[in-house]
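Single-letter residue listing:
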Amino acid sequence: MELTKDKALWMYERMVLVRTFEERVSKLFADGEIPGFVHLYAGEEAVAVGVCAHLDHADFITSTHRGHGHCIAKGVDVKRMMAELFGRVDGLCRGKGGSMHVADVSMGMLGANGIVGGGPPLACGAALTAKTLGTQQVAACFFGDGAAEQGTTHEGMNLAAIWNLPVVFVCENNQFAESTPVTYHCAAGDIAERAASYNIPGVTVDGFDLLAMYEAAGAAVERARAGEGPSLIEAKTWRYFGHFEGDQVTYRTAEQSADYRERDPIKRFADQIVSRDLAVPGDLETIQRSAETEIEEALEYARSSPMPQPEDCLTDVYVSYPAAKLAASA
Amino acid sequence: MELTKDKALWMYERMVLVRTFEERVSKLFADGEIPGFVHLYAGEEAVAVGVCAHLDHADFITSTHRGHGHCIAKGVDVKRMMAELFGRVDGLCRGKGGSMHVADVSMGMLGANGIVGGGPPLACGAALTAKTLGTQQVAACFFGDGAAEQGTTHEGMNLAAIWNLPVVFVCENNQFAESTPVTYHCAAGDIAERAASYNIPGVTVDGFDLLAMYEAAGAAVERARAGEGPSLIEAKTWRYFGHFEGDQVTYRTAEQSADYRERDPIKRFADQIVSRDLAVPGDLETIQRSAETEIEEALEYARSSPMPQPEDCLTDVYVSYPAAKLAASA
Amino acid sequence: MAVTTRTATFREAVNEALVQEMERDPTVVLMGEDVAGGADVEGFEEKGAWGGVLGVTTGLVERFGRGRVLDTPISESGYIGAAGGAAATGLRPVAELMFVDFFGVCLDQIYNQAAKLRYMFGGAAKVPMTVRTMIGAGFRAAGQHSGCHYSVFTHFPGLKTVVPSTPADAKGLLAASIRDDDPVVFFEHKLLYDTEGELPEGDYVVELGTADIKREGDTVTVVAIGRMVQMALEAAQALAAEGFEIEVVDPRTLSPLDTDTILASVRKTGRLVVVDEDNPRCSMATDIAATVAHEAFDHLDAPPQLVTAPHTPVPFSPVLEDFYVPTPERVAAAVRATL
Amino acid sequence: MAVTTRTATFREAVNEALVQEMERDPTVVLMGEDVAGGADVEGFEEKGAWGGVLGVTTGLVERFGRGRVLDTPISESGYIGAAGGAAATGLRPVAELMFVDFFGVCLDQIYNQAAKLRYMFGGAAKVPMTVRTMIGAGFRAAGQHSGCHYSVFTHFPGLKTVVPSTPADAKGLLAASIRDDDPVVFFEHKLLYDTEGELPEGDYVVELGTADIKREGDTVTVVAIGRMVQMALEAAQALAAEGFEIEVVDPRTLSPLDTDTILASVRKTGRLVVVDEDNPRCSMATDIAATVAHEAFDHLDAPPQLVTAPHTPVPFSPVLEDFYVPTPERVAAAVRATL
Ligand SMILES: Cc1ncc(C[n+]2csc(CCOP(=O)(O)OP(=O)(O)O)c2C)c(N)n1
Ligand SMILES: Cc1ncc(C[n+]2csc(CCOP(=O)(O)OP(=O)(O)O)c2C)c(N)n1
Ligand SMILES: [Mg+2]
Ligand SMILES: [Mg+2]
């Protein structure tokens, strides 16, 4: 798959933006500025970015509890993301969703999801819309290794296959579901092997290698767009932070993590594009600096955005419903 | 796998008893004597019998909406089965279950099930009991081709595999889920191929060939009993009647059905055991006649068993609960 | 209202609403197990083998083709979730959950996804999907095919719930449900399918959230849901012979509930009986009784009476099942208890 | 009662009940996602990496080994269904559904299988399984991790439902739930885990189906569930300062519900307020209010008041979530409204 300079720089920029966002959020959580459950995507950047590099605004993605990376890769505004994590009115969800439900339907980002395995059926639905209306849109469905054991994932893959839907299933195998390793929870060797159960292409990719991800996703998206149906990509990856912020991460060793950090997907891609003359070190520095600026601006934006009014709790439940019936009885 | 004369005759007898039961029930339904939803097993006898031939009373089976054959193969009393279909107090479930919930826990038959895909988790549970208590019991889990698309089936197979449970999964692929063919609803070629998703043995068997079923099930049961974990057997089969009684069966052709009837599993097994000198034609006639007698006696028994008292509706909900709280409010 | 009507069954009414809405709006698609039937079977490319398990969707695939009438695998989470995802992205799907009792295998996609997307996204999405599902005892279908449980769906914010009792309401309310921009769960009682009534011809819509007074009276307010409206009307006849005119209120929509109509009736009669085929705990019966006790306490002249199923699953044996389902006699007795 | 007690948290109380019952009965096994944690990870053969997402099951795998404390895949239907199957065949499993909000992916195995087996089999089976699950808002965990929904489980025949509000009740009721021969769903409010109270040492069991009067009074009966007991007790203090002594009744078990204790209190006070963190429709609040209106109508001197969450999902923003959860102020206002 041909890789243009623009695309390369765009991908590098997105990865850096995800990383910078997540590292900042980790601190903000530790400082008590962001409450609730926060699951960070750092380490897995090449997966979301490698896939979304093939999608445009009109395409759809479904996400997981670990959704910040998917948002940014899909081009969602980081200011409004940050404001959402802060629970502010200018947040993407006006403060109603928070990290676990951050969404931007106008960008085809159909929401982070608090339910493991919640996404695959939704992705089938978005793809069904595309197929029925003949729009050529594609739906990418991100899900974790843990989600592979949820019945909905099985149902979604079978349904997409028999209906020949334009879905790209992307299993982010970061090798753990919370503290439980994939070697325990999953009876299959590689999760990609399960593609055979649905007669669809399945491929296992090094999720730390953006070029490999870009390649595999390109083929799957092309296939989907051509009306040839779904595919499954399993990306072997690793999350740098705990399952959620606050996790002590006792179940992995420092050496394992150091090993992965050594092979960091962003550094690796930087080396690759510099050596291929798709970028010069200066480009990368500029990108790094502007990412930092963007995140600081986002933070500024979030902090200065007002809190919702308490009664806003009662809005957005329905398109139409008698307002008096939404309030608590007393 | 060695086949003794006793076993051969027992298997023949069970198949004939299932067939005789089902043909009688079909008439009783047409005559309005049995109400509700009734799904008949005729045609699929070799599957249940070939599996249950390797189980004893202490072993467990979980079943489906099409459960009569499983009951009889497991050795459940046909008198009390028939009484249950009639909704009588002497029914296995005292009239509370009917055809779709006929059960005999004392015989390890954990119930027909009205929920497609309801059985696999339950079978895992029974097998977990056996494993935890070290009893050597095995659980056989019957499910349809349609049930293969239910998330619970996926979850059950993965769970049994990772916990190394003594379960034999038996997919009764009669090629239709109601009026929907397996070629439409299932993206896999052979359902047995899905075993690879769980790293367990998977095999596709001619479900019209009792000897082949007996062989495959023997290996799977032995493996389970030896503590080597679950297996998946896909039995290709065909139901002689409609999905349920009342179905006009427009979605299959008369030729297809005639073809299968031609290769009838009972006739075929009869030929096999006669030619192997495991039976003489006289044995088979005796079996046929005694099956007919047994079913007529069962019918007699069912018809003469009393109806429950209306208030019995309020019993058997809990082991302990204040009785007054079960009655309707007014 | 100069609408022409004809006599038709509840089954025909549902079918007609589907035809009406599919003709009106090309984004309406239908999906469910065997809603056409025979998918991929030779000879069934342009016709259905079943038209639904009880024939309600007969003829639709012939009219709208397999691109809009989709047979599904037995993957309720998969296809009902897909209906939600499709609704959020531009279609207006009608998904059939064959029996409501199967909601245990797909509830998440209904109550946690479709119902909550709009809220969790701060209003930035809408999910115009309808789930049609069959309810009710009396079919000798036993413990896993006979429940009602509309109370559970009514409990969940984000869903609307509709339980029609007549062919006309079935047509008008299903049309309104499909046109509605929120997710609606539409409950069809299997024992109503063969009942007949006057069915308005042509485009016919009944606004969601509006109760209907099925019989006027001034002695006692009887709120009855779904098939229980029949029981209440039968009881009304018997009671009328005794000189008591009861008012039978059919809420038709449970969420939102037209409490105004119910309360106005109770303010007139001073007495309330709720008839609900569902199990009694945390039910529509308690919901309506509590609302009336709270809102119209001073108008109540007698304790509210609740006529419901018992706190048991549905038994198979006809003798037992007939005990389970509320009867006109029990309704009449409850009415008398308020007098 | 000469029981020795010590001060302990709700979290410790739940843990202690599990230890007590696992020591008492070797057929009690525990299962759930990360209830031990680190399964198959080197070095974790005999210890846990997590002990549950909020640390409630810490130390159990160290004590009882991985044969009795089972980490599970994210397959709630699979392992909770397995718990039911195991219960029907000789074990006494305790399955953890991490957050109650996840019941949408496994409800069938709870309400349609475990809860109904005994009935559908005519009494020939028992299913002694306990499902422990976390409920409640206030954790900033947003729309899919903050629900209560015990009303839905209470609705279903065949299940028992338990919602403790203190460490002592948590220990005694969980012990009773595990010993019970019926399936029990046991709801733990995540915001109670760090609360402290006097915890009886040793074997301690609180009978299911018995309410507890958490504060005596004669002005108004306030029935409060789970964490709402705290809100009611806080309101009681404020009201006492105004000269009103309210009676706070904690049902503790919702199915079966100890209506006798509730009704006796209402007969004494003549006034009822129900405080329920769940959504309002078809809820425990309506269940209790309707029961009281039906059974003690003549004793009621004022309309029953219902203090509940609104008919909305749980929002994320602290400002919004704090609006969602009932407060002592709202309880006090409801009490005043009955006076
Ligand atoms: C249905 C459901 N079950 C359990 C959980 C709790 N939970 C949240 S994230 C998680 C682990 C998910 O693992 P995986 O799918 O591998 O994603 P990862 O966190 O590794 O990105 C679990 C068990 C949930 N949110 N939903
Ligand atoms: C969860 C659920 N969905 C749908 C149904 C309705 N239903 C009953 S049997 C059946 C077809 C089952 O097909 P299969 O599993 O192949 O079994 P078969 O009837 O062919 O033996 C369907 C859809 C059900 N009972 N449960
Ligand atoms: Mg993971
Ligand atoms: Mg089949």
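Residues numbered from 1 in each chain as written. Chains lettered and ligands numbered in written order. Predicted model: local features only at pLDDT ≥ 70, side-chain atom pairs only at ≥ 80, totals over all residues. Heavy atoms only, no water.

## What about the overall build of chain A?
In step 1: When helices and strands are tallied, chain A shows 11 helices and 7 strands.
In step 2: A globule of 330 residues ought to have a C-alpha radius of gyration of about 20 Å, and chain A, at 20 Å, matches this closely.
In step 3: Sorting the 330 residues of chain A into buried and exposed places 65% on the buried side.
In step 4: In chain A, the share of contacts with a sequence separation of at least 24, taken over all contacts with a separation of at least 6, comes to 74%.
In step 5: Taken as a whole, chain A presents about 10500 Å² of accessible surface, with 51% of it coming from carbon and sulfur.
In step 6: Taken together, the 28 basic and 46 acidic charged side chains of chain A have centroids lying 2 Å from each other. (Helix = DSSP H or I, 4+ residues; strand = E, 2+ residues; numbered from the N terminus. Rg over C-alpha atoms; globule rule 2.2 N^0.38 Å. Buried < 20%, exposed > 50% of the residue type's maximum accessible area, 1.4 Å probe, protein only. Contact = heavy atoms within 4.5 Å. Areas by Shrake-Rupley, 256 points an atom, 1.4 Å probe, with all protein chains shown as cover. Lys, Arg positive; Asp, Glu negative; His and termini not counted. Charge placed at Lys NZ, Arg CZ, Asp CG, Glu CD.)

## Structural notes on the interface of chain C and chain D
In step 1: If you look at the interface, chain C gives 53 residues, while chain D gives 53 residues.
In step 2: Summing the contributions of chain C and of chain D, the shared interface buries around 4400 Å²; its carbon and sulfur component is 62%.
In step 3: It is C:His155, C:Arg281 and C:Phe297 in chain C that bury the most area against chain D; as a group they hold 17% of the surface buried on that side.
In step 4: Our count for the chain C to chain D interface comes out at 2 salt bridges.
In step 5: The residue D:Arg281 makes a salt bridge to C:Asp287 at a minimum N-O spacing of 2.9 Å.
In step 6: On the surface where chain C and chain D come into contact, there are 29 residue pairs in polar contact (both at pLDDT 80 or more).
In step 7: The set of elements that each furnish at least two residues to the side of chain C that touches chain D consists of helix H4 (107-114), helix H5 (117-120), helix H6 (150-155), strand S12 (253-255), helix H10 (284-295) and strand S14 (305-308) of chain C.
In step 8: Taken together, the residues of the side of chain C that touches chain D break down into 28 nonpolar, 18 polar and 7 charged. (Buried area = accessible area lost by both parts, 1.4 Å probe. Salt bridge = Lys/Arg side-chain N within 4 Å of Asp/Glu carboxyl O. Polar contact = N/O pair within 3.5 Å; in protein donor to acceptor, adjacent residues only side chain to side chain. Nonpolar A, V, L, I, M, F, W, Y, C, P; charged D, E, K, R; others polar.)

## Regarding the site of ligand 1
In step 1: Around ligand 1, the surrounding shell holds 21 residues, and the nearest of these are A:His65, A:Arg66, A:Gly114, A:Asn174 and D:Glu76.
In step 2: Each of chains A and D places residues near ligand 1.
In step 3: Between a nitrogen atom of ligand 1 and a main-chain N or O atom of A:Gly114, the distance comes to 2.7 Å.
In step 4: Between ligand 1 and the protein, one listed contact pairs an oxygen atom with a side-chain N or O atom of A:His243 at 3.5 Å.
In step 5: In isolation ligand 1 offers 580 Å² of accessible surface; the protein chains occlude 98% of this area.
In step 6: A class-by-class count of the residues in the shell around ligand 1 yields 8 nonpolar, 8 polar and 5 charged. (Near = heavy atom within 4 Å.)

## Let's talk about the packing of aromatic side chains
A ring pair, where both rings are aromatic, is described by two values, the distance of the centres and the angle of the planes.
In step 1: Counted by the stated rule, this structure contains 37 aromatic pairs over all chains.
In step 2: An angle of 20° between the planes, with centres 5.5 Å apart, marks the rings of A:Phe244 and D:Trp50 as stacked. Here D:Trp50 lies in the loop between strand S2 (28-32) and helix H2 (60-64) and A:Phe244 lies in the loop between strand S7 (231-236) and helix H9 (254-262), a pairing that spans two chains. Across this residue pair, the class does not change: A:Phe244 and D:Trp50 are buried. (Phe/Tyr/Trp six-rings, centres within 6.5 Å; stacked < 30°, edge-to-face > 60°.)

## Description of the packing of helix H1 (residues 10-24) of chain D against helix H6 (residues 167-179) of chain D
Residues and elements named next belong to chain D.
In step 1: H6 packs onto H1 with a crossing angle of 30° between their chain directions and a minimal axis gap of 8 Å. Taken together, the axes of H1 and H6 lie roughly parallel to each other. For the pair H1 and H6, the sense of crossing is right-handed. Residues Phe10, Ala13, Val14, Glu16, Ala17, Leu18, Gln20, Glu21 and Arg24 of H1 form the contact with H6, whose own contacting residues are Pro167, Ala170, Lys171, Leu174, Ala175, Ile178 and Arg179.
In step 2: Looking at the contact of H1 with H6 residue by residue, the classes come out as 10 nonpolar, 1 polar and 5 charged. (Axes fitted to C-alpha atoms, helices over the stretch in contact; angles between N-to-C directions. Parallel < 35°, antiparallel > 145°, perpendicular 65-115°, else oblique. Left-handed = near helix turned anticlockwise from the far one by under 90°.)

## With respect to the interface of chain D and chain B
In step 1: Listed by partner, the interface residues are 47 residues for chain D and 41 residues for chain B.
In step 2: Carbon and sulfur atoms supply 64% of the area that chain D and chain B bury against each other, a total of about 3300 Å² over both sides.
In step 3: When the buried surface of chain D facing chain B is broken down by residue, D:Thr89, D:Tyr119 and D:Phe121 rank first, second and third, together holding 20% of it.
In step 4: Our count for the contact surface shared by chain D and chain B stands at 0 salt bridges.
In step 5: Taken together, the connections running from chain D to chain B amount to 20 residue pairs in polar contact (both at pLDDT 80 or more).
In step 6: Only S2, strand S3 (69-71), helix H3 (76-87) and helix H4 (107-120) of chain D provide two or more residues apiece to the side of chain D that touches chain B.
In step 7: Of the residues that constitute the side of chain D that touches chain B, the class distribution is 19 nonpolar, 19 polar and 9 charged.

## Details of the coordination of the magnesium ion (ligand 4)
All names here are of chain B.
In step 1: With distances of 2.0 to 2.1 Å, the protein atoms coordinating the magnesium ion (ligand 4) are Asp145 (OD), Asn174 (OD1) and Phe176 (O).
In step 2: Written as a sequence motif, the donor arrangement for the magnesium ion (ligand 4) is D-x28-N-x1-F. For the pair Asn174 and Phe176, a shared accessibility class is recorded, and that class is buried. (Donors = N, O, S within 2.8 Å, 3.2 Å for Na, K, Ca; no water.)

## Some thoughts on the environment of D:Ile288
Residue and element names in this part refer to chain D.
In step 1: Along the chain, the position of Ile288 falls in helix H9 (residues 284-295).
In step 2: Since its relative accessible area comes to 1%, Ile288 is described here as buried.
In step 3: Dropping the residues within four chain positions of it, Ile288 is found in contact with Val223, Ile225, Leu257, Ile262, Leu272 and Val274.

## Focus on the side chain of B:Glu178
In step 1: Inspection of the secondary structure assignment puts B:Glu178 in the loop between strand S4 (176-177) and strand S5 (180-181).
In step 2: B:Arg66 is the oppositely charged side chain nearest to the buried, salt-bridge-free B:Glu178, at an N-O distance of 8.0 Å.
In step 3: Leaving out residues up to four positions away in the same chain, B:Glu178 has contacts with B:Arg239, B:His243, B:Tyr251, C:Asp34, C:Trp50, C:Val53 and C:Met98.

## Observations regarding the domain arrangement of chain C
The figure often quoted for interface size is the accessible area lost as the parts come together.
All names here are of chain C.
In step 1: Split into domains, chain C comes out as domain 1 (5-200) and domain 2 (212-338).
In step 2: The C-alpha centroid of domain 2 is placed 27 Å from the C-alpha centroid of domain 1.
In step 3: On the domain 2 side, the residues contacting the 28 residues of domain 1 number 27 residues.
In step 4: Overall, the association of domain 1 and domain 2 removes approximately 2200 Å² of surface from exposure, summing both partners, and the carbon and sulfur fraction of that is 54%. (Domains from an automatic or database assignment.)

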